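Tertiary structure, described
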Amino acid sequence: MGLPWYRVHTVVLNDPGRLISVHIMHTALVAGWAGSMALYELAVFDPSDPVLDPMWRQGMFVIPFMTRLGITNSWGGWSITGGTIANPGIWSYEGVAGAHIVFSGLCFLAAIWHWVYWDLEIFCDERTGKPSLDLPKIFGIHLFLSGLACFGFGAFHVTGLYGPGIWVSDPYGLTGKVQSVNPAWGVEGFDPFVPGGIASHHIAAGYIGHISSLFHLRVRRLNVYTKDYVWLLLMLELCVWFGNYPDRIIWSHSLSMGSGYFQQEIYRRVGAGLAENQSLSEAWSKNPEKLAFYDYIGNNPAKGGLFRAGSMDSGDGIAVGWLGHPIFRDKEGRELFVRRMPTFFETFPVVLVDGDGIVEPMFRSEGQNQSIVSNK
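This one's a predicted model, so the numbers in the text were calculated from it and none came from an experiment.

1. As for the packing of helix 4 (residues 135-158) against helix 5 (residues 196-218)
Where helix 4 meets helix 5, the axes come as close as 7 Å, and the angle between the chain directions of the two elements is 160 degrees. Viewed along their axes, helix 4 and helix 5 adopt a mutual orientation that is roughly antiparallel. Crossing handedness for the pair helix 4 and helix 5: left-handed. Among the residues forming the contact of helix 4 with helix 5, the class breakdown is 17 nonpolar, 10 polar and one charged.

Have a look at this one:
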């Protein structure tokens, strides 16, 4: 019987050995891509300026996730935290990439073996003697193994008990380093800016996964729980996407930019400096260059459109420094502020608002002179 291309995997529906084979081959492709992509990114990555030219502006994709998991050094002698490294060790960026490639090759060989030796007795139904798929048992085994990995990541890797820990930074991404994280078991664990929630949630999810795997290994009905797991996965994806915070390794989600997240912190710092009798220029100069750069419109995730290709450096170039802050005032002398671009737009005009959030006109009526002046 001829099958259309989108139903070609039906041939392994009742062939457990080869079903395992195609899954192992898929794992080999994913691991091989990850290792190869990491090596490519390392070849084009410039680590010389982690402040004004961080990896997310260079279009890196794999390296940021490796860094988040605790990898900071390279065999090239550089570190993502700055400076040089004499002995990066085995688990550097290149070491992790090579491990993925070796793992990909082993999975490739295992997939070939399972494709050739498909008719193993372990896959046969005890009642009929024919190959069959025990889906509830398969689901239970997968849930047990994934729960084991989840628990181990939270209990050992993140906490530093047997691992490096994870990359932790402040809410504005001004500081950052790899450190061990203690689990947060209270309500504070649901705060995206509390890294202890990562450890506690993985430990709890792994433990629940173990209990659930025992349930599914004994209960035969599988379709009853499908909606619950889909809803759980959706909630986890939302926590990952909207719980991310900006840093030198992974850039912020769009909500931070559209709400003036960095702008508010900048003006809070300036206000605190003025309260300490600093001059306006002194208060602005005390702001970290990294914070001012985060507020740059070119770093808005929506700038250039949803389907833009390439790195931000390819569009805006590489920043070399902060020149200063222009101050806008109306004819009454009130300071006006630039409205940050909402991330629903690809382009946005210059909109000035006063301290109460009221939009000020750029020009007087009847074509008279501008009412806005700029002071550096």
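2. Observations concerning the nonpolar core
In this structure, Phe45, Met55, Ile63, Met66, Trp78, Ile80 and Tyr93 are the most contacted members of the largest nonpolar core, which totals 15 residues. Listing elements by their share of this core, those giving two or more residues are helix 1 (16-44), helix 2 (62-68) and helix 3 (93-116). With sequence-adjacent residues up to four places away left out, Trp78 is seen in contact with Leu42, Phe45, Pro47, Thr72, Asn73, Gly83, Ile85 and Tyr93. In terms of nonpolar packing, the next biggest core, distinct from the first, is built from 14 residues, Leu174, Val270, Trp284 and Tyr294 among them.

3. A look at the packing of aromatic side chains
Two descriptors summarise a pair of aromatic rings, namely the distance from one centre to the other and the angle between the planes of the rings. Within the structure shown, the criterion is met by 13 aromatic pairs. Ring geometry for Trp56 and Tyr294: centres 6.3 Å apart, planes at 45 degrees, overall tilted. One end of the pair, Trp56, is in the loop between helix 1 and helix 2; the other, Tyr294, is in helix 10 (residues 289-294), and 238 residues separate them in sequence. Accessibility assignment for this pair places Trp56 and Tyr294 in one class, buried. Ring centres 6.5 Å apart and planes at 5 degrees place the aromatic pair Phe193 and Tyr261 in the stacked group. With Phe193 in the loop between strand 2 (176-179) and helix 5 and Tyr261 in helix 8 (residues 261-275), the pair connects residues that are 68 residues apart, well separated along the chain. By relative accessible area, which is 36% here, Phe193 ends up partly exposed. Site record: aromatic cluster; members linked through ring pairs are Trp56, Tyr172, Phe193, Tyr261, Phe262 and Tyr294.

4. Remarks on the pairing of strand 2
The sheet contact formed by strand 1 (residues 166-169) and strand 2 spans four bridges and is antiparallel. The residue bridging Val168 from the neighbouring strand is Lys177, located in strand 2. Counting the residues in the hairpin turn of strand 1 and strand 2 gives six residues, including Gly173, whose phi is positive at 70 degrees.

5. Regarding helix 1
At 3.6 residues per turn, the α-helix brings residues three or four places apart onto the same side. For helix 1, with 29 residues, the first-to-last C-alpha span of 42 Å sits near the 42 Å given by 1.5 Å per residue. Tucked inside the fold, the buried residues of helix 1 contact helix 2 and helix 3.

6. Let's talk about a nonpolar patch on the surface
A grouping of Ile141, Phe144, Leu145, Leu148, Tyr207, Ile208, Ile211, Leu214 and Leu217 is seen on the molecular surface, where their side chains present a nonpolar patch of about 860 Å² in accessible area. Following the sequence through the fold, Tyr207 ends up in helix 5.

7. Some thoughts on helix 5
For helix 5, built from 23 residues, the straight-helix expectation of 33 Å at 1.5 Å per residue is met to within 8% by its first-to-last C-alpha distance of 34 Å. Turning to helix 5, its buried residues number three or more, namely Gly196, Gly197, Ala199, Ser200, Ile203, Gly206, Gly209, His210, Ser212, Ser213 and His216.

8. Some points on the side chain of Asn73
By the element assignment, Asn73 lies in the loop between helix 2 and helix 3. Side-chain polar atoms of Asn73 contact the side chain of Ser79, separated by 3.2 Å. In contact with Asn73, not counting residues within four places along its chain, are Trp78, Ser79, Ile85, Pro88, Ser92 and Tyr93.

9. A few points about unusual backbone geometry
The phi dihedral of Asn277 falls on the positive side, at around 65 degrees, and the residue is not glycine. A relative accessible area of 75% places Asn277 in the exposed class.

10. Notes on the side chain of Lys290
Tracing the chain through its elements places Lys290 in helix 10. A distance of 3.2 Å separates a polar side-chain atom of Lys290 from the backbone oxygen of Leu174.

11. Things to note about the pattern of salt bridges
Where charged atoms from two side chains of opposite charge come close, those side chains can pair. Overall, the coordinates contain six salt bridges when judged by the stated rule. The closest approach of N and O atoms between Asp295 and Arg340, which form a salt bridge, is 2.4 Å. Pair noted here: Asp295 is in the loop between helix 10 and helix 11 (312-316) and Arg340 is in the loop between strand 4 (335-338) and strand 5 (352-353), with a separation of 45 residues, a long-range link. One continuous salt-bridge network, built from bridges that share partners, spans Glu265, Arg268 and Arg269.

12. Thoughts on the packing of helix 1 against helix 3
Across the interface, helix 1 lies against helix 3 with an axial gap of 7 Å and an inter-helix angle of 160 degrees. As summarised for this structure, helix 1 and helix 3 are arranged roughly antiparallel, according to the angle between their axes. Judged by the sense of rotation from one axis to the other, the crossing of helix 1 with helix 3 is left-handed. Residues of the contact of helix 1 with helix 3, tallied by class, amount to 19 nonpolar, nine polar and two charged.

13. Topic: the environment of Val102
As for its position among the elements, Val102 is in helix 3. Considering only alpha carbons, one finds Val102 and Gly32, 70 residues apart in sequence, at a separation of 8.2 Å.

14. What about the environment of Trp33?
Tracing the backbone through its elements, the reader meets Trp33 in helix 1. Judged by relative accessible area, which is 45%, Trp33 ranks as partly exposed. The spacing of Trp33 and Ala97 is 64 residues in sequence and 9.6 Å in space, taken between C-alpha atoms. Other than its neighbours up to four places away in sequence, Trp33 contacts Phe61 and Val62.

Thresholds applied
Residues numbered from 1 in each chain as written. Predicted model: local features only at pLDDT ≥ 70, side-chain atom pairs only at ≥ 80, totals over all residues. Heavy atoms only, no water. Axes fitted to C-alpha atoms, helices over the stretch in contact; angles between N-to-C directions. Helix = DSSP H or I, 4+ residues; strand = E, 2+ residues; numbered from the N terminus. Parallel < 35°, antiparallel > 145°, perpendicular 65-115°, else oblique. Left-handed = near helix turned anticlockwise from the far one by under 90°. Nonpolar A, V, L, I, M, F, W, Y, C, P; charged D, E, K, R; others polar. Core = buried A, V, L, I, M, F, W, Y, C linked by side-chain atoms within 4.5 Å. Buried < 20%, exposed > 50% of the residue type's maximum accessible area, 1.4 Å probe, protein only. Contact = heavy atoms within 4.5 Å. Phe/Tyr/Trp six-rings, centres within 6.5 Å; stacked < 30°, edge-to-face > 60°. Pairing = 2+ DSSP bridges. Expected span 1.5 Å × (residues − 1). Patch = residues over 30% accessible without salt bridge, like charges linked within 9 Å, V, L, I, M, F, W, Y side chains within 5 Å. Areas by Shrake-Rupley, 256 points an atom, 1.4 Å probe, with all protein chains shown as cover. Salt bridge = Lys/Arg side-chain N within 4 Å of Asp/Glu carboxyl O. Polar contact = N/O pair within 3.5 Å; in protein donor to acceptor, adjacent residues only side chain to side chain.

Purely geometric numbers; function is a separate question.
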